[in-house]
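Summary of the model geometry
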Amino acid sequence: MTRIGQTLRSLNGNKVGMAIKELHRSENDLAAALLNLSDQQKVDHEVFYVARDIARWSQEHVRRLAEAGKDYGIELDPEPEDEASLLARMKQKGSELTGRFHEPTLLLLADLRHIHRMAAGVSLDWEVLAQTAQAMEDTELLGVTKDCHPETLRQMRWANAKVKETSAQVMVTG
């Protein structure tokens, strides 16, 4: 790292650490939402298995962010929240949605839209972190963003594709 990069890192470390901390929390939440969707859609094997698989990406991102946070004085739990606590939290949110959407297919559509919005937000946070790492010449942090951000984009594209596949069927059929 160059001298300028080191100076920027020390001056901006707290801001970068907070960005890492927020992204760590958001990735945990995205993993929870995907696991909750999987749990609710056990009969739809594609949703069940794909949602579980891509939730693991967010769980790995949590680990990578915890490691990166150490360089910025941030102590984060490297283990993603356990599935039981994640599911309990997401079921609480799910029960709030269920009150609004009585039909299971509408709930699926609402969940997919929610996951898409969450993944879009996480993607933006990865972009901010990547641009910051590049400006600070932090090659390690930049490497983490280059490894993780494409998986978040894939999560978002999957949710979007499922919304497209599901929406007309859900909205038109009685």
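Our subject is the structure listed above.
Figured I'd write up the structure that's included with this text. Since this is a predicted model, take the numbers as computed values, not measurements.

Some words on the packing of helix α2 (residues 45-70) against helix α5 (residues 139-172)
Interhelical geometry of α2 versus α5 gives an angle of 155° and a closest axis separation of 10 Å. When the axis of α2 is compared with that of α5, the two are roughly antiparallel. Of the two elements, α2 crosses α5, and the hand of that crossing is left-handed. Contact residues: α2 offers E46, V47, V50, A51, I54, A55, W57, S58, H61, R64 and A68, while α5 offers L141, G143, V144, D147, C148, E151, T152, R154, Q155, W158, K162 and E165. Within the contact of α2 with α5, the residues separate by chemical class into 11 nonpolar, 5 polar and 7 charged.

Quick notes on the packing of helix α4 (residues 104-136) against α5
Across the interface, α4 lies against α5 with an axial gap of 8 Å and an inter-helix angle of 160°. Between α4 and α5, the interaxial angle falls into the category roughly antiparallel. For the crossing formed where α4 meets α5, the hand is left-handed. Among the residues making up the contact of α4 with α5, the classes are represented as 23 nonpolar, 11 polar and 3 charged.

Observations regarding the nonpolar core
Grouped together as the largest cluster of nonpolar side chains are 39 residues, with contacts concentrated most on I20, L34, L37, W126, L129, L141 and W158. Examining the composition of this core, we find that 12 residues originate from one element, α4, more than from any other. With residues up to four places along the chain from it excluded, the contact list for I20 reads L65, A68, G69, Y72, L76, L129 and L141.

Looking at unusual backbone geometry
Even without being a glycine, E137 presents a positive backbone phi close to 60°. Along the polypeptide, E137 turns up in the loop between α4 and α5.

Brief notes about the pattern of salt bridges
Evaluation of the coordinates by the stated rule reveals 10 salt bridges. Here R25 and E22 are joined by a salt bridge, their closest N and O atoms 2.3 Å apart. In this pair, R25 and E22 are both assigned in helix α1 (residues 3-40), 3 residues apart and thus about one turn of the helix distant. What makes R25 partly exposed here is its relative accessible area of 39%. Classification of E22 by relative accessible area gives partly exposed; the value is 35%. Between R56 and D53 there is a salt bridge, with its nearest N and O atoms 2.6 Å apart. With R56 and D53 both in helix α2 and 3 residues apart, this pair spans about one turn of that helix. Classification of R56 by relative accessible area gives partly exposed; the value is 48%. Judged by its relative accessible area of 40%, D53 falls in the partly exposed class. Beyond isolated ion pairs, a larger network of salt bridges with shared partners links E22, R25 and D29.

How each quantity is defined
Residues numbered from 1 in each chain as written. Predicted model: local features only at pLDDT ≥ 70, side-chain atom pairs only at ≥ 80, totals over all residues. Heavy atoms only, no water. Axes fitted to C-alpha atoms, helices over the stretch in contact; angles between N-to-C directions. Helix = DSSP H or I, 4+ residues; strand = E, 2+ residues; numbered from the N terminus. Parallel < 35°, antiparallel > 145°, perpendicular 65-115°, else oblique. Left-handed = near helix turned anticlockwise from the far one by under 90°. Contact = heavy atoms within 4.5 Å. Nonpolar A, V, L, I, M, F, W, Y, C, P; charged D, E, K, R; others polar. Core = buried A, V, L, I, M, F, W, Y, C linked by side-chain atoms within 4.5 Å. Buried < 20%, exposed > 50% of the residue type's maximum accessible area, 1.4 Å probe, protein only. Salt bridge = Lys/Arg side-chain N within 4 Å of Asp/Glu carboxyl O.

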